[in-house]
Amino acid sequence: MPTPSRPAVVVTVLCTTGILASLVQTIIIPLVPRLPELLDAGPADASWAVTATLLVGAIMTPIAGRLGDMYGKRRVLALCLLSLIAGSALCALTSSLIPVTIGRGLQGVSMGVIALGISIMRDELPEERVGGGIAMMSATIGIGGAIGMPAAAIVAERADWHVVFAATGMLAAGALVAVLRLVPESPVRTGGRFDAVGALGLAAGLAAFLLAITEGAVWGWSSARTLGAFGAAAAVFALWSVQQLRVRAPLVDLRVSARPQVLFTNLASVAVGFAMFGMALIPPQLLMAPEETGYGLGLTMTQTALLIAPSGIVMFFCSPLSARISNRYGPRVTLMSGAIVIAAGYLVVLAAPFGAVQILIASIVVNGGIGIAYAAMPALIIAAVPVGETAAANGLNALMRSIGTSSSSAVISAVLATMTVTVAVGDSAGGTQELVAPTAAGFTTAAAVCLAAALVSTALTACVPRASRARATRTAPESA
């Protein structure tokens, strides 16, 4: 049994699990250029070390939420952390492609902890602390990225890459102990039988869709494999939707999901997720590009990560502001405000010429807007769904954000891959070598696409009913 805890302790422990889950997504980014060498595999095969986490995380997030509603949110959160520990240990002990890919998949299971943590807060915290707690939990992805990228970059340049995964596993073990001792189990459960058929259908549909999104640039967007994967996803989701409407206890209640407040919040989440991942892709490539391109600054991996790190911390510290706006004006206004701030950040990116200060300011503004927007989404969802479905509903919302980030990765990568220039770059031997790099126009186009996504999110949020006020944000959040 967990020991009695103050609300602040519960929030701290749950936010720590959210930070660890977000670390899973970022710790491998600095290693991506070296993965073929580290895993003794081709570039396409090595990319599965990244794709596996994305696929499993997207699939397990709504499933973990539903299991939490049925069998206990703390229990399922603990199982997610156990999977993170196992996956980290496997990655830390091997250098082969298949074991590392499996380990990364096990790490991806941990992505369900954010939705579970939000639901535990709704069930367990005093009402006056729920708004601030949810806002902080939603923004943990920012602090995780701020910590993960610089740490992994330093390790990638100076030490054995296995250390990254060993450290993640040890931190997860500490978080698991804290959860079991300090976080109470929620008494709110739906009971019933788990919809295994619905879970398999969702997994199959998401796997096909995300596989097409993540591999489309490699396979070719008009190739038979890419089109076949998209077609398979459409067919599976059509059948899955019929099954979900007929079963008594569906994995995802599509009737609830069709409510305007839930539907438009989820659609806006896709657009915000798209805009968010653009800021993860564009600045590092701009800053690390060689000076010979005419726009690059030629920074090292560590210098780039340290320059970008403050923007992730800003995302975290914007969460209390989000709670205050929601408390006064409602989460609908908060989400719209966040989307507008994101758009303003991309306008900074579009200002030429590119420079370190400009990129830092743009990253801070965009991530601040994301912190405001992300914290409002759970409040809108919680206000519109039954108490017994909060974890599953928040899991679905997290899935929508994942679809947005996956789509952003594919679209922006395609833009930068098609708008390139060849430059001569000096090598360590004193000679030169040709390097293919994105053009400045390519980065401008990518930023414009993300700006459009932020504006689309603003329009979709405007469709959310005005009368909505999330129960989670009715009182001042400062004490959270």
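Thresholds, definitions, all that
Residues numbered from 1 in each chain as written. Predicted model: local features only at pLDDT ≥ 70, side-chain atom pairs only at ≥ 80, totals over all residues. Heavy atoms only, no water. Helix = DSSP H or I, 4+ residues; strand = E, 2+ residues; numbered from the N terminus. Rg over C-alpha atoms; globule rule 2.2 N^0.38 Å. Buried < 20%, exposed > 50% of the residue type's maximum accessible area, 1.4 Å probe, protein only. Areas by Shrake-Rupley, 256 points an atom, 1.4 Å probe, with all protein chains shown as cover. Salt bridge = Lys/Arg side-chain N within 4 Å of Asp/Glu carboxyl O. Contact = heavy atoms within 4.5 Å. Core = buried A, V, L, I, M, F, W, Y, C linked by side-chain atoms within 4.5 Å. Phe/Tyr/Trp six-rings, centres within 6.5 Å; stacked < 30°, edge-to-face > 60°. Axes fitted to C-alpha atoms, helices over the stretch in contact; angles between N-to-C directions. Parallel < 35°, antiparallel > 145°, perpendicular 65-115°, else oblique. Nonpolar A, V, L, I, M, F, W, Y, C, P; charged D, E, K, R; others polar. Expected span 1.5 Å × (residues − 1). Lys, Arg positive; Asp, Glu negative; His and termini not counted. Polar contact = N/O pair within 3.5 Å; in protein donor to acceptor, adjacent residues only side chain to side chain. 1 Å grid on protein atoms, 1.4 Å probe; cavity = no way out; pocket = protein on both sides within 12 Å on 5 of 7 lines; lining within 4 Å. Points joined across faces, edges and corners; volume = space filled by probe spheres on them. Left-handed = near helix turned anticlockwise from the far one by under 90°. Patch = residues over 30% accessible without salt bridge, like charges linked within 9 Å, V, L, I, M, F, W, Y side chains within 5 Å.

1. Describing the overall build of the protein chain
Along the backbone of the protein chain there are 20 helices and two strands. For a compact globule of 480 residues, the expected C-alpha radius of gyration is about 23 Å, and the protein chain comes in at 21 Å, within 12% of that figure. Taken over the C-alpha atoms alone, the protein chain extends approximately 70 × 45 × 45 Å along its principal axes. Put simply, the protein chain has 480 residues, and 55% of those count as buried. Only carbon and sulfur atoms are counted for the fraction: they give 68% of the accessible area of the protein chain, which is about 18600 Å².

2. Some details on the pattern of salt bridges
This structure, assessed with the given rule, holds two salt bridges. The closest approach of N and O atoms between Lys73 and Asp69, which form a salt bridge, is 3.8 Å. A relative accessible area of 0% means that Asp69 is categorised as buried. Of the charged contacts in the structure, one is a salt bridge between Lys73 and Asp123, with a shortest N-O distance of 2.8 Å. Of this pair, Lys73 sits in helix α5 (residues 73-92) while Asp123 sits in helix α7 (residues 113-124), and the two are 50 residues apart along the sequence. In this structure, Lys73 and Asp123 share a single accessibility class: buried.

3. Re the environment of Val341
With respect to the helices and strands, the residue Val341 is situated in helix α17 (residues 331-350). Taking the C-alpha atoms as reference points, Val341 and Arg129, 212 residues apart in sequence, are found 26 Å from one another. The residues touching Val341, leaving out its near neighbours within four places in the chain, are Val365 and Gly369.

4. With respect to the nonpolar core
With 57 residues, the main nonpolar core has Leu14, Leu31 and Leu77 as its most contacted residues. For this core, the leading source of residues is helix α1 (residues 7-26), giving nine residues. Grouped together as the second largest cluster of nonpolar side chains are 43 residues, Ala268, Val272, Met276 and Phe354 included.

5. Details of the packing of aromatic side chains
A full pass over the atoms with the stated rule returns six aromatic pairs. Plain terms: the ring middles of Phe209 and Phe230 are 6.0 Å apart, the flat faces sit at 65 degrees to each other, and that makes the pair edge-to-face. A residue pair is termed long-range when its members are at least 10 positions apart, and Phe209 in helix α11 (residues 196-219) and Phe230 in helix α12 (residues 224-246) qualify at 21 residues. Given a relative accessible area of 22%, Phe209 falls into the partly exposed group. Residue class for Phe230 comes out partly exposed when judged on its relative accessible area of 28%. Ring geometry for Phe354 against Phe443: centres 6.5 Å apart, planes inclined by 80 degrees, an arrangement best described as edge-to-face.

6. As for the packing of helix α4 (residues 48-71) against helix α19 (residues 390-418)
The contact between α4 and α19 brings their axes to 6 Å, and the two run at 170 degrees. Here α4 is positioned roughly antiparallel relative to α19, judged by the angle of their axes. Across the interface between the two elements, Leu54, Ala58, Thr61, Pro62, Gly65, Arg66 and Asp69 of α4 pack against Thr390, Ala391, Ala392, Gly395, Leu396, Ala398, Leu399, Ser402 and Ser406 of α19. Taken together, the residues of the contact of α4 with α19 break down into eight nonpolar, six polar and two charged.

7. Re α7
In this model α7 runs 16 Å from its N-terminal to its C-terminal C-alpha over twelve residues, within 8% of the 16 Å that 1.5 Å per residue would give. Burial analysis of α7 places eleven of its twelve residues in the buried class, the great majority of the element. Of the residues making up α7, those classed as buried are Val113, Ile114, Ala115, Leu116, Gly117, Ile118, Ser119, Ile120, Met121, Arg122 and Asp123.

8. Remarks on α17
With 20 residues, α17 ought to run about 28 Å at 1.5 Å a step, and its terminal C-alpha atoms sit 29 Å apart, in line with that. Along α17, the residues classified as buried are Pro331, Arg332, Thr334, Leu335, Gly338, Ala339, Ile342, Ala343, Gly345, Tyr346 and Val349. In this structure, the buried side of α17 is in contact with α14 (260-288), α16 (319-329), α18 (356-384) and α20 (440-462).

9. Some details on the side chain of Arg122
When you line up the elements, Arg122 lands in helix α7. Nearest to the buried, unbridged Arg122 among oppositely charged side chains is Asp123, at 5.3 Å. At a separation of 3.4 Å, a polar atom in the side chain of Arg122 contacts the main-chain carbonyl oxygen of Ile382.

10. Brief notes about the layout of surface pockets
The rolling of a water-molecule-sized probe over the atoms marks out the regions of remaining empty space. Space inside the second largest pocket adds up to approximately 260 Å³. Taken together, 15 residues form the lining of the second largest pocket, with Leu254, Ser257, Asn266, Leu396 and Met400 sitting closest to its centre. Every element with two or more residues in the lining of the second largest pocket is listed here: α11, α12, α13 (254-257), α14 and α19. In terms of residue count, α19 provides more of the lining of the second largest pocket than any other element does, four residues in total.

11. Topic: the side chain of Arg104
Mapped onto the secondary structure, Arg104 falls in helix α6 (residues 97-108). At 2.8 Å, the side chain of Arg104 forms a polar contact with the backbone oxygen of Ala49. Engagement of the side chain of Arg104 in a polar contact is seen with the side chain of Gln107, the distance being 3.0 Å. Apart from the residues lying within four places of it in its own chain, the contact partners of Arg104 are Val24, Ile27, Ile28, Ala49, Ala52, Thr53, Cys91 and Phe165.

12. Brief notes about the packing of α16 against α18
α18 packs onto α16 with a crossing angle of 55 degrees between their chain directions and a minimal axis gap of 8 Å. For the element pair α16 / α18, the angle class is oblique. Crossing angle aside, the handedness with which α16 passes α18 is right-handed. Facing α16, whose interface residues are Ser319, Leu321, Ser322 and Ser326, α18 presents Gly371, Ile372, Ala375 and Ala376.

13. Some thoughts on a nonpolar patch on the surface
On the surface, a cluster of nonpolar side chains totalling about 270 Å² of accessible area is made up of Ile98, Ile102 and Leu106. Its place among the elements puts Leu106 in helix α6.

So, to be careful, I would describe these as geometric facts and stop short of saying anything about function.
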